[in-house]
Amino acid sequence: MSSQRPAGPHTPAWVRDAVFYQIFPDRFARSARMQPPGPLEAWDTPPTRHGFKGGDLRGITERLGELQELGITALYLCPIFSSASNHRYHTYDYFNVDPMLGGNEALRELLDAAHARGMRVILDGVFNHASRGFWPFHHVLENGAQSPYVDWFYTDEAFLRGDRPLIAYPESVEWHAKQSGGAGGGIASNLETTIGYKAWWQLPALPKINVGNAEAREHLLQAAEFWIRFGADGWRLDVPEEIDDESFWQEFRTRVRAINPEAYTVGEIWKRADAWLTGDRFDAVMNYPLTEAILGYAGSGRLARDLGDHNDTYKRPELDAAQFAEKLTEIMGWYHPATTAVQLNLLGSHDTPRLRSIVGGSAAAAQLATLLQLALPGAPCIYYGDELGALGANDPANRGPFPADLTSIGAEAAAFRAFVRGAVAARHEHAVLRSGALRVVHAEGPVLVLERSADPVGFEGAPLALEPGAARRLLVATNTGESPARVQLRLNGVSSVARLDWEGATGTAMLLGDGALEIDLPPVSGAIFQLR
């Protein structure tokens, strides 16, 4: 006997089947068709905080084939709009793609090429703050309180009276050091009275936009609409909690969805976010709590605790299998299943140290984490280069250049990529890995066994439409220990078991004479087994 689950928010159907790939455009690929405006950093040298390597959108377009072969079906691009920073979180024109990335024409080419391959593209929107180069703010700097744009920003009373200027470019060395922290980082003291205006984390480079001003608000909302009409498939929204106006995001969603009812909106919120996911603002958030749990388990005994970030993620206790299972069950129960099914599940981003660096440099632990990421409800997102086992601590090291040629990446990186490609292919091939019900079968010591099943219904409480012969039950087994592990399970209705094979897959399973299922896992490894 079962009861009908209440209907949840409408979330885009395509996201449930997507595998995302996050790209930092300046560091991914440089096209020979682009003419740089001047000298660039050498591609194969370590990245610097302010240097430009010249990656562009045409370069991404030229490498879509590689991404499709990896199994990627959606791109999440870090900001691409005109900006004077390499990360482009300092926007100065919301309606034009940065000319160093190829301009609007290059985005048109990328969207058309991606869509022709069945790939979606979401853009990164920074609407809480702009940059000193944002032309309305520049207008205020030039004209003072007489500028018609003055109310687009938060300025102090002395400035409005004409008693003082805005100090957009503090001259001290200390100020320069504090404001050069890139996207993320900064100072949390009250310096509004010093510079004369509100800025994100009081960084003079990032004046905060007043969305309570009708004209400023409309400018931002029209930009959101413009790029959805242009062909973007959704938005990742930067620091949305900083905009203390619920109605702004409600209107944002309404206007974006009026153009494309299947547009995906995902907010950069680092914690549980129930109020944001009731159907009137975002479809999803970046699922950092799950990131933390997966890495706490996969990296148990080897986490690089000296690598933190501006949100203190990854400083939590390491987890054994039982602790991880408890945390996983909790996270999976936070939201309506229709919402959980589209959470953006990531293991790293431009705001965190790289996956492999976090787990102490262990390729095996990074692969184990990736296997779990790809076997859970939600939309997995791979940060560019993590599929190669790239290393990188904090900014700027976590934003290094992607190899210019995959044929010369070396055996270890090639093997890592082959493992990820195989795990991604398994997710695409088996609907139960995307939409099946989730159950913890075993969690003891370092060994975890999860079941994804279509019997009788999937994760969202409805029957799954499976192809004839498709897997209805899969076990995902992992061992984070430094020794081989063996576990025996008793499951109903099992007559045979077989491992899903791809390059780098390990582990064995067999049915014993008494009906028990025995699984053997090498140290720091994972495997997926099909049950019949």
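Conventions we followed
Residues numbered from 1 in each chain as written. Predicted model: local features only at pLDDT ≥ 70, side-chain atom pairs only at ≥ 80, totals over all residues. Heavy atoms only, no water. Helix = DSSP H or I, 4+ residues; strand = E, 2+ residues; numbered from the N terminus. Rg over C-alpha atoms; globule rule 2.2 N^0.38 Å. Buried < 20%, exposed > 50% of the residue type's maximum accessible area, 1.4 Å probe, protein only. Areas by Shrake-Rupley, 256 points an atom, 1.4 Å probe, with all protein chains shown as cover. Lys, Arg positive; Asp, Glu negative; His and termini not counted. Charge placed at Lys NZ, Arg CZ, Asp CG, Glu CD. Pairing = 2+ DSSP bridges. Core = buried A, V, L, I, M, F, W, Y, C linked by side-chain atoms within 4.5 Å. Contact = heavy atoms within 4.5 Å. Phe/Tyr/Trp six-rings, centres within 6.5 Å; stacked < 30°, edge-to-face > 60°. Lys NZ or Arg CZ within 6 Å of the ring centre and 35° of its normal.

Draft legend 1. Representation of the overall build of the chain. For the chain, the count of helices and strands is 16 helices and 18 strands. Relative to the globule expectation of 24 Å for 532 residues, the C-alpha radius of gyration of the chain, 24 Å, shows essentially globular dimensions. A principal-axis box enclosing the C-alpha atoms of the chain has dimensions of 90 × 55 × 45 Å. Sorting the 532 residues of the chain into buried and exposed places 60% on the buried side. Total accessible area computed for the chain in this model is approximately 20300 Å², and 52% of it derives from carbon and sulfur atoms. Once the 48 positive and 64 negative side-chain charges of the chain are each reduced to a mean point, those two points are 3 Å apart.

Draft legend 2. Seen up close, the pairing of strand β12 (residues 447–458). The element β12 is extensively covered by neighbouring structure, given that 9 of its 12 residues are classed as buried. Direction of pairing for strand β11 (residues 436–444) relative to β12: antiparallel, over a ladder of 8 bridges. Each bridged residue has a counterpart across the sheet, and for G436 the counterpart in β12 is G458. The loop that links β11 with its antiparallel partner β12 comprises 2 residues; one of these, G445, has a positive phi angle of about 60°. Of the pairings in the sheet, the one linking β12 to strand β13 (residues 473–479) comprises 7 bridges and is antiparallel in character. Across the sheet, R452 pairs through a bridge with L474, a residue of β13.

Draft legend 3. Highlighting unusual backbone geometry. Cis geometry is adopted by the peptide bond preceding P396, which originates at D395 and carries an omega value of 10°. Looking at the secondary structure, you find P396 in the loop between β10 (379–383) and α15 (411–429). Residue P456 is bonded to the preceding D455 through a cis peptide linkage, with omega at -5°. Tracing the backbone through its elements, the reader meets P456 in strand β12. Notably, R88 is not glycine yet its phi reads approximately 65°, a positive angle. Summarising the element assignment, R88 is placed in the loop between β3 (81–83) and β4 (91–97). If you check the backbone angles, Q202 has positive phi at about 60° while not being a glycine. With respect to the secondary-structure elements, Q202 resides in the loop between α7 (192–195) and α8 (214–230).

Draft legend 4. Spatial organisation of the nonpolar core. Ranked by size, the top nonpolar core spans 146 residues in total, and within it F20, Y21, L75 and W235 carry the most contacts. Not counting chain neighbours up to four residues away, the residues in contact with L75 comprise F20, Y21, I23, I60, L64, L67, L110, M119, R120, V121 and I122. Within the second largest apolar cluster, 15 residues are counted, among which are A477, L489, I519 and L531.

Draft legend 5. Structural context of the packing of aromatic side chains. Applying the stated rule across the entire model yields 36 aromatic pairs. Judged by centre distance (4.9 Å) and plane angle (80°), the ring pair of F248 and W249 falls under edge-to-face. One exposure class covers both F248 and W249, and it is buried. One residue, R108, lies across the ring of F230, its end atom 4.5 Å from the ring centre. The lysine or arginine in question, R281, covers the ring of W276, its NZ or CZ lying 4.3 Å from the ring centre.

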